[in-house]
Structures are given as C-alpha cells and as structure tokens.
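Okay, here's what each chain looks like letter by letter:
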Amino acid sequence: YDSAAVYASGRYAVVSHCVISNNTATGGTVSYRAAGLLLLGGARAENCLVVDNRYSGTLASVATAGGVIVQGSSMSDAPSRLVNCTVFSNACPLVGGLFVVKSSNNDGFARVVNTVVTGNLLTGSPAEGAEPEVKTANKSWLSNCQVSGTGLFEPGSLMPRLWGPLWGKGENAAVSEATDLQGNP
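Parameters at a glance
Residues numbered from 1 in each chain as written. Predicted model: local features only at pLDDT ≥ 70, side-chain atom pairs only at ≥ 80, totals over all residues. Heavy atoms only, no water. Helix = DSSP H or I, 4+ residues; strand = E, 2+ residues; numbered from the N terminus. Buried < 20%, exposed > 50% of the residue type's maximum accessible area, 1.4 Å probe, protein only. Areas by Shrake-Rupley, 256 points an atom, 1.4 Å probe, with all protein chains shown as cover. Pairing = 2+ DSSP bridges. Core = buried A, V, L, I, M, F, W, Y, C linked by side-chain atoms within 4.5 Å. Contact = heavy atoms within 4.5 Å. Disulfide = S-S within 2.5 Å. Axes fitted to C-alpha atoms, helices over the stretch in contact; angles between N-to-C directions. Polar contact = N/O pair within 3.5 Å; in protein donor to acceptor, adjacent residues only side chain to side chain.

Chemist: Explain the overall build of the chain to me, and be specific about the residues and the numbers.
Modeler: Helix and strand counts for the chain stand at zero helices and 22 strands. Counting only residues that meet the buried cut, the chain has 44% of its 185 residues in that class. In the form shown here, the chain has an accessible surface area of approximately 8600 Å², with 50% of it arising from carbon and sulfur atoms.

Okay, here's the thing in structure tokens:
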C-alpha cells in the first residue's frame with residue numbers, strides 16, 4: 001500500500017477539509033498505489049478536494065489511481081468512506097479519478113457519498129479495462145454522486161456550470177454537521 005500524498009488506514013482515521021494536489025507517484029511493487037489519497041480499513045475522508053495528482057510508470061499489481069483509492073473494509077459497521085469530496089483533473093493509465101476496490105479478503109464494504117468525480121484522464125498507454133473517472137468493485141456503494149467527463153464546471157474553475165447538472169443539487173440535510181473547505185456549513 002502506498003500513496004504519494006495521503007495514506008489513511010483504520011476505522012478511526014479521518015481526513016477532513018483538505019486540499020490534496022499536485023502530487024506525483026511512480027511505479028512500485030505494492031498492491032495499491034494512489035497519487036492523491038488512499039483510504040483503507042474503515043478510514044474516512046470528508047470535504048476534501050483531490051486535484052491535479054499524477055501517476056506514471058509501472059502499474060501496481062492490484063489497483064492504481066491518479067486521484068483516490070477507497071479499499072473496502074471487512075467491518076460492515078465501519079466501511080471505508082469518501083464523503084462530500086471533489087476528485088478533479090487527476091491522471092493515471094488505469095483509473096484517473098476514483099478506484100473503489102474490495103478488501104484483501106474480498107469481503108469489504110466501501111461508501112462514496114455526495115462526491116463529484118470529473119475531468120480525470122487516462123495517460124500513457126491505458127491498461128486493459130482502464131476508466132478515466134470511476135472504477136468500482138462489488139459491495140461498493142455510490143450515493144448522490146456526480147460522475148462525468150465534461151460540462152459540470154465553468155471553464156477553468158470548480159464552480160458548477162450555471163444551470164448545469166450540479167447547479168442547485170447540494171443536499172445539506174444529510175450532512176448538517178459538515179462544513180466546506182472554507183469552514184462554511
């Protein structure tokens with residue numbers, strides 16, 4: 001397991017209100033490798049921006065991503081979670097944005113909620129089965145997420161495009177105690 005930027009593991013690990021950007025990871029011999037964020041064993045990330053991270057070189061043996069890898073937790077009461085995050089403009093030959101994978105015993109749970117994944121790229125010679133935005137394993141749960149290649153944001157920014165699919169789609173009722181990157185509810 002390896003990440004160029006942030007590695008969080010265990011049910012009490014929380015990554016909150018972070019900007020994870022401009023990291024580069026290269027090939028290695030590990031099973032899971034992310035250039036931006038790696039969540040394992042019930043770890044949680046919330047209200048984070050994962051942007052402009054790059055993976056290049058030899059692919060890891062199981063999972064490689066430019067942006068985020070969320071590995072399922074074998075504890076159904078403490079799934080690995082990515083909540084209220086934006087995964088944007090990351091790149092890798094296997095998965096540019098978000099890769100949700102099973103736990104090592106193939107019985108894990110992962111949750112991705114209220115998250116935007118867009119503008120991520122495949123680089124170099126894409127691997128077989130490569131996906132620019134999201135690749136998921138069974139027992140993965142994506143809820144109220146926006147996944148798209150283009151058209152979600154105003155050109156050159158992360159502001160939702162006026163009258164686009166994200167305009168007015170926020171759901172504050174489900175995340176009443178959460179705040180954005182500027183500390184606003």
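Chemist: Explain the pairing of strand S13 (residues 80-83) to me, and be specific about the residues and the numbers.
Modeler: By the alternation rule, side chains of S13 split into Ser80 and Leu82 and Arg81 and Val83, which are all buried. When strand S8 (residues 44-46) meets S13, the two strands line up parallel, connected through three bridges. Bridge pairing links Ala45 to Leu82 in S13. Judged from the four bridges that link them, S13 and strand S17 (residues 110-113) form a sheet pairing that is parallel. Counterpart to Arg81 in the pairing with S17 is Arg111.

Chemist: Outline the nonpolar core, supporting the account with residue identities and numerical values.
Modeler: A general tendency of soluble globular proteins is for nonpolar side chains to be buried together. Counting 21 residues, the largest nonpolar core has Leu37, Leu39, Val68, Val70, Leu82 and Leu98 as the members making the most contacts within it. Within the residue set of this core, elements represented by two or more residues are strand S7 (37-40), strand S12 (68-71), strand S16 (98-101) and S17. When neighbours within four sequence positions are excluded, Leu98 is seen to be in contact with Val68, Val70, Leu82, Val112, Val117, Glu133, Val134 and Lys135. Of all hydrophobic cores here, the second largest spans 15 residues; its members include Tyr55, Ala65, Ile69 and Cys92.

Chemist: Which residues make up the state of the cysteines, and what are the values?
Modeler: Under the counting rule described, the total for this entry stands at zero disulfides. In this structure Cys18 is a free cysteine whose sulfur lies 4.6 Å from that of Cys48, the closest cysteine sulfur available. Of the residues examined, Cys48 reaches a relative accessible area of 2% and is grouped as buried.

Chemist: Now, about the environment of Gly36: what can you tell me, with residues and values included?
Modeler: In this fold, Gly36 is placed in the loop between strand S6 (32-34) and S7. Between the alpha carbons of Gly36 and Tyr7 there is a distance of 8.7 Å; along the sequence they are 29 residues apart. Sequence-distant contacts of Gly36, defined by excluding residues within four places in its chain, comprise Ser3, Ala5, Val6, Ile20, Val50, Asn53, Gly66 and Gly67.

Chemist: Give me the lowdown on the sheet that holds S16, citing residues and values where you can.
Modeler: Across the sheet, which stays open at both edges, the five strands sit in the order S2-S7-S12-S16-S20 with parallel pairing between neighbours. The open sheet is flanked by strand S2 (6-9) and strand S20 (134-136), the only strands paired with a single partner. For this sheet the average axis-to-axis angle between neighbouring strands, irrespective of direction, equals 5°.

Chemist: If you had to explain the side chain of Thr64 to someone new, which residues and values would you point to?
Modeler: Tracing the sequence through the fold places Thr64 in strand S11 (residues 63-65). When residues no more than four places from it in sequence are discounted, the contact partners of Thr64 are Arg33, Tyr55, Leu59, Ile69, Cys92, Leu94, Val95 and Phe99.

Chemist: Run through unusual backbone geometry, naming residues and quoting values.
Modeler: We note that Asn84 has phi near 55°; this positive angle belongs to a residue other than glycine. Assignment of secondary structure puts Asn84 in the loop between S13 and strand S14 (86-88). Exposure remark for Asn84: the relative accessible area of 17% places this residue in the buried category. The residue Asn114 is not glycine, and still its phi comes out positive at about 50°. You can see Asn114 is positioned in the loop between S17 and strand S18 (116-118).

Chemist: Talk me through the side chain of Asn120; I want residue IDs and the actual numbers.
Modeler: With respect to the secondary-structure elements, Asn120 resides in the loop between S18 and strand S19 (121-122). At 3.2 Å, the side chain of Asn120 and the backbone oxygen of Val87 are in polar contact. From its side chain, Asn120 meets the backbone nitrogen of Asn90 in a polar contact 2.8 Å long. Apart from residues lying up to four places away in sequence, Asn120 is in contact with Val87, Phe88, Ser89, Asn90, Gly96, Gly97, Pro132 and Glu133.

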